[in-house]
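Read off the chains here:
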Amino acid sequence: MEFAALAERAEGVAANDGDIETTLAVADLLADAGAVESAENGENGENGGPNDDLPVVARFLLGRVFPAHDTRTLDVGPALCREAIARAAGPNVSAADVEDRLAERGEIGAVAAAYDFGGQRGLASFGGGRDALTVAAVDEGLRGLAAETGDGSESRKRDALFGLFTRCSPTEAAFLARLVLGEMRLGVGEGTVRDATAEAFLASEGRPESDGADDDDDAGGDAELELVAPETAVAAVERALQVTNDYGRVAVRARDEGIEGLREESLRVGRPVQAMLAQAGTATDAVDAFDEVTVETKFDGARVQVHYAPGGAATDATDATDGHSTDGDALGPRLYSRNMDDVTEALPEIVEYVADRVDVPVILDGEVVAVDDDGDPLPFQEVLRRFRRKHDVERMRETVSLRLHAFDCLHADGDDLLDEPLRVRHERLREVLPDAAADLTLAADPDAVAAEERAALNAGHEGVMLKNPEAAYTPGDRGRDWLKRKPDVETLDAVVVGAEWGEGRRAELFGTFLLAVREGGDAGDTPDHDVSDPDAADLVPAGYATVGKVATGITDEALADLTERLEPLVVDESGTTVAFDPELVVEVGYEEIQRSPTYSAGYALRFPRFVGVREDKGVDDADSLARVRRLAGDD
Ligand code: AMP
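Residues numbered from 1 in each chain as written. Predicted model: local features only at pLDDT ≥ 70, side-chain atom pairs only at ≥ 80, totals over all residues. Heavy atoms only, no water.

### Some points on unusual backbone geometry
Line of reasoning, step 1. One non-glycine residue with positive phi stands out, namely aspartate 75, at about 55°.
Line of reasoning, step 2. Along the chain, aspartate 75 falls in the loop between α3 (54–61) and α4 (78–89).
Line of reasoning, step 3. Despite not being glycine, asparagine 245 has its phi angle at roughly 55°, a positive value.
Line of reasoning, step 4. Checked against the element boundaries, asparagine 245 lands in the loop between α12 (230–244) and α13 (247–264). (Helix = DSSP H or I, 4+ residues; strand = E, 2+ residues; numbered from the N terminus.)

### Topic: the site of the ligand
Line of reasoning, step 1. Taken together, the neighbourhood of the ligand is formed by 13 residues, with Glu296, Arg303, Glu367, Lys467 and Lys484 sitting nearest.
Line of reasoning, step 2. With respect to the ligand, the backbone of threonine 297 contributes an N or O atom lying 3.0 Å from a nitrogen atom.
Line of reasoning, step 3. In this structure, glutamate 367 approaches the ligand through a side-chain N or O atom, which is 2.5 Å from an oxygen atom.
Line of reasoning, step 4. When the ligand is considered free in solution it has 500 Å² of accessible area, and contact with the protein chains removes 88% of it. (Near = heavy atom within 4 Å. Polar contact = N/O pair within 3.5 Å; in protein donor to acceptor, adjacent residues only side chain to side chain. Areas by Shrake-Rupley, 256 points an atom, 1.4 Å probe, with all protein chains shown as cover.)

### Considerations on the layout of surface pockets
Regions of empty space are outlined by a rolling probe, equal in size to a water molecule, passed over the atoms.
Line of reasoning, step 1. In this structure, the largest pocket encloses a volume near 1100 Å³.
Line of reasoning, step 2. Lining the largest pocket are 41 residues, and of these Asp70, Thr71, Arg72, Thr73 and Asp341 lie nearest its centre.
Line of reasoning, step 3. Contributing elements (two or more residues each) for the lining of the largest pocket: α8 (135–147), α9 (153–166), α10 (170–181) and α15 (317–321).
Line of reasoning, step 4. Residue composition of the lining of the largest pocket, by class: 16 nonpolar, 10 polar and 15 charged. (1 Å grid on protein atoms, 1.4 Å probe; cavity = no way out; pocket = protein on both sides within 12 Å on 5 of 7 lines; lining within 4 Å. Points joined across faces, edges and corners; volume = space filled by probe spheres on them. Nonpolar A, V, L, I, M, F, W, Y, C, P; charged D, E, K, R; others polar.)

### What about the sheet that holds strand β3 (residues 302–309)?
Line of reasoning, step 1. Pairing is antiparallel across the open sheet formed by five strands, whose spatial order is β4-β3-β5-β6-β7. The sheet terminates laterally at β4 (331–336) and β7 (415–416), the two strands that pair on one side only.
Line of reasoning, step 2. Here β3 runs beside strand β5 (residues 362–371); their pairing, made up of seven bridges, is antiparallel. Looking across to β5, one finds that glutamine 305 is bridged to aspartate 365.
Line of reasoning, step 3. Here helix α16 (residues 348–357) sits on the sheet in contact with β3, β4, β5 and β6 (401–412), set at roughly 50° to β6.
Line of reasoning, step 4. Relative to the sheet, helix α19 (residues 422–432) contacts β5, β6 and β7, its axis offset from that of β6 by approximately 125°. (Pairing = 2+ DSSP bridges. Contact = heavy atoms within 4.5 Å. Axes fitted to C-alpha atoms, helices over the stretch in contact; angles between N-to-C directions.)

### Let's talk about helix α22 (residues 556–566)
Line of reasoning, step 1. For α22, the full list of buried residues reads Ala558, Leu559, Leu562, Thr563 and Leu566. All buried residues of α22 lie within an arc of 135° about the axis, which places them on one face of the element. Turned more than 90 degrees off the buried face of α22, the exposed positions are Glu557 and Glu564.
Line of reasoning, step 2. Residues of α22 that are buried in the fold lie against β11 (492–501), β12 (510–518), β14 (570–574), β15 (577–580), β16 (585–589) and β19 (609–613). (Buried < 20%, exposed > 50% of the residue type's maximum accessible area, 1.4 Å probe, protein only. Arc of directions from axis to C-beta.)

### Focus on the sheet that holds strand β10 (residues 478–485)
Line of reasoning, step 1. The five strands are arranged β1-β10-β9-β2-β8 in an open sheet whose pairing can be described as mixed. Of all strands in the sheet, those bounded by a partner on one side alone are β1 (277–280) and β8 (441–443). Taken pair by pair, the neighbouring strands of this sheet meet at an average axis angle of 45°, ignoring direction.
Line of reasoning, step 2. Note that strand β9 (residues 463–467) and β10 share four bridges and pair antiparallel. Pairing of lysine 467 across the sheet is with tryptophan 482, part of β10.

### A word on the packing of α4 against α9
Line of reasoning, step 1. Where α4 contacts α9, the axes come no closer than 8 Å and their chain directions differ by 50°. Viewed along their axes, α4 and α9 adopt a mutual orientation that is oblique. Once α4 is placed against α9, the crossing between them reads as right-handed. Along its contact with α4, which presents Leu80, Cys81, Glu83, Ala84, Ile85, Arg87 and Ala88, the element α9 presents Glu154, Lys157, Arg158, Asp159, Leu161, Phe162, Phe165 and Thr166.
Line of reasoning, step 2. When grouped by side-chain class, the residues that make up the contact of α4 with α9 number eight nonpolar, one polar and six charged. (Parallel < 35°, antiparallel > 145°, perpendicular 65-115°, else oblique. Left-handed = near helix turned anticlockwise from the far one by under 90°.)

### So, the confidence of the model for the protein
Line of reasoning, step 1. Per-residue pLDDT for the protein averages 86, and the proportion of residues at 70 or more is 86%.
Line of reasoning, step 2. Taken element by element, the protein is modelled with least confidence in α15, mean pLDDT 39, and with most confidence in α19, mean pLDDT 98.
Line of reasoning, step 3. Confidence drops under pLDDT 50 across residues 206–221; counting only partners more than four residues distant or on other chains, this segment forms 27 contacts.
Line of reasoning, step 4. Note on residues 522–534: pLDDT under 50 across the span, and 24 contacts to partners over four residues away in sequence or across chains. (pLDDT = per-residue confidence, 0-100.)

### Quick notes on the packing of aromatic side chains
Line of reasoning, step 1. Scanning all chains against the criterion turns up eight aromatic pairs.
Line of reasoning, step 2. Between the aromatic rings of phenylalanine 407 and tryptophan 482, the centroid separation amounts to 6.1 Å while the plane-to-plane angle is 80°, which identifies the pairing as edge-to-face. Residue phenylalanine 407 is found in strand β6, and its partner tryptophan 482 is found in strand β10; the two are separated by 75 residues along the sequence. Here phenylalanine 407 matches tryptophan 482 in class, with each residue buried.
Line of reasoning, step 3. Residues tyrosine 473 and tryptophan 482 carry aromatic rings whose centres are separated by 5.9 Å and whose planes lie at 85° to one another, so their mutual orientation is edge-to-face. (Phe/Tyr/Trp six-rings, centres within 6.5 Å; stacked < 30°, edge-to-face > 60°.)

### Re the nonpolar core
Line of reasoning, step 1. Grouped together as the largest cluster of nonpolar side chains are 77 residues, with contacts concentrated most on Phe3, Phe60, Ile85, Leu142 and Phe165.
Line of reasoning, step 2. Counting only domains with at least three residues in this core, you end up with domain 1 (1–62 + 187–206 + 224–265) and domain 2 (70–183).
Line of reasoning, step 3. Those residues in contact with isoleucine 85 that lie beyond four places of it in its chain are Val98, Ile108, Ala112, Tyr115, Phe117, Phe165 and Ala177. (Core = buried A, V, L, I, M, F, W, Y, C linked by side-chain atoms within 4.5 Å. Domains from an automatic or database assignment.)

### Let's talk about the pairing of β19
Line of reasoning, step 1. The element β19 is largely enclosed, with a buried count of four among its five residues.
Line of reasoning, step 2. Inspection of the sheet shows β16 paired to β19 by four bridges, in the antiparallel sense. Residue pairing for β19: glutamate 587 is matched across the bridge by glycine 612.

### Digging into the environment of alanine 136
Line of reasoning, step 1. Inspection of the secondary structure assignment puts alanine 136 in helix α8.
Line of reasoning, step 2. Alanine 136 gets classed as partly exposed once you look at its relative accessible area, which sits at 30%.
Line of reasoning, step 3. A C-alpha to C-alpha distance of 8.1 Å links alanine 136 and phenylalanine 3, two positions 133 residues apart in sequence.

### Side note on the pattern of salt bridges
Line of reasoning, step 1. Tallied over the full model, the rule gives 48 salt bridges.
Line of reasoning, step 2. Ionic pairing is found between aspartate 139 and arginine 143, a salt bridge with its closest N-O pair at 3.3 Å. On the criterion of helical spacing, the pair formed by aspartate 139 and arginine 143 is a turn pair, its members being four residues apart in helix α8. Both residues of the pair, aspartate 139 and arginine 143, belong to the buried class.
Line of reasoning, step 3. Arginine 194 is the salt-bridge partner of glutamate 238, the closest N and O atoms lying 3.0 Å from each other. In this pair, glutamate 238 sits in helix α12 while arginine 194 sits in helix α11 (residues 190–201), placing the two residues 44 residues apart along the sequence.
Line of reasoning, step 4. Among the ionic contacts, a cluster of salt bridges with common partners joins Arg249, Arg253, Glu257, Glu264 and Glu265. (Salt bridge = Lys/Arg side-chain N within 4 Å of Asp/Glu carboxyl O.)

In structure tokens:
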């Protein structure tokens, strides 16, 4: 396919304003790109055959030269791109001129298209017309550029890019400039290319008739490929993308082997997958959504995906990331960041740790945390001093110690585990790397979750992750199956106005504390509703409105201390319930504040948690009902 044809059709795609039109236009484009020479596919399918434009077009549309899992980059910055454009534009144009135009137009494609590269084209056309750029030639040129390293590589990159620009029409120049800077602006996202791939090669409805690969005489029996309902087609493409992270490869496979071929795509040790992500959520959300909740520590470090196939010397990084098969081959431990960057070289002790302990091929998901001499976690910033470091790795290794906490297992000993429930994946994790496997606790109610959270916080961690034990691992997905629960950002400073004596072993101590806020505040806050908790109503001193009772989060030591402080303040006692003079202010966390008739404020703290005594605060500094209203979102 000529590069001009791609650039022009891409402009047409960008001009569409409906999602469906865009998807259909991209599907047409992929089908056309894929109609050429499809019989000559390369062995690994990553890049099709030598004349196969389909994978290249699929990637180019997303502003990529390499698949997402591939750690190679063009490493062409905006300045280098501007210099190449300036040179191609002729002797009277400087990089500063290009920069000025960019400031005016705001976008590199429009700037590149506005220059006339014709003078240079005259040279190219000397003796026989313009040497038309093909998609394959641009791809090859850019891959060559990415391979330039070391001394002088910057100027060689500039020369190569200049060479490409001199052969560009304005439309091509715009496409090329955007491509090298990864700013395609076509309105074509990953979802569009996914849907378009399904549409072009697999879906039974609305399939472009004229130019799909099926029509090719040389396509080797493609006409037999099963066509399926559009949703099934999209799901199959999505699935294959999740395991391969390569739009080009998946498009080729869809075209050549249909849905069956896509289903055969599997994880490969050495080819990183996107990390599964979490949403913010509360213990109540988790308990409501899952039958049982898996509670794990939320480690405050950097996400890391561990790939390792034991059995030989470490494979070179480029082999691992090229998409060349590592199936069955040994691969030394490789570590990838959340964005799938290769961070292996920066973390030698994690590499050694994994190599020493794991004996089967694995893909693990986890977090690398900085620890002090006692093994206690240090703040996240400490990990960053190590994570992407290219120089002084050994020196920094002495300064900042790291520890791996693994919390998931995507592949073990030949088995892809993405579709297995978390509890099964975790069992496999414990088998393959028991030392680093994060503890996992099952909880059935918010109190149990709160207890785990407290333990995690006490151990210096960031909070807890609440996961559905039955859920599959969905790469790249920020779904509801993983919830991150960090401690409340906003706490409340409440006055202790009452308590109940504890039971059994704790009969000598207060156990549950009644909390109140000042009725004052911004407004004349007099409750105007019935209070259904008679205990609470009786105990409320004038000027205070109760908001809840706290019994969670209090250590034995804190209970003894609270009892000692509060006993002298008792003003009333009935049964096991006592009322206090309002004097002691405590800080409490909670999951949310809800309207409720139970307490005199008309609001109740859900899952209140004792944080500590506010020694520094008197009752006049305690929070007001007005603030409670605001926190509840009512003001
Ligand atoms: P956040 O960065 O706040 O969006 O929280 C999600 C991140 O927490 C993940 O991407 C991981 O890097 C990290 N994390 C820490 N501990 C865990 C865990 N047990 N399970 C999953 N993610 C975790």
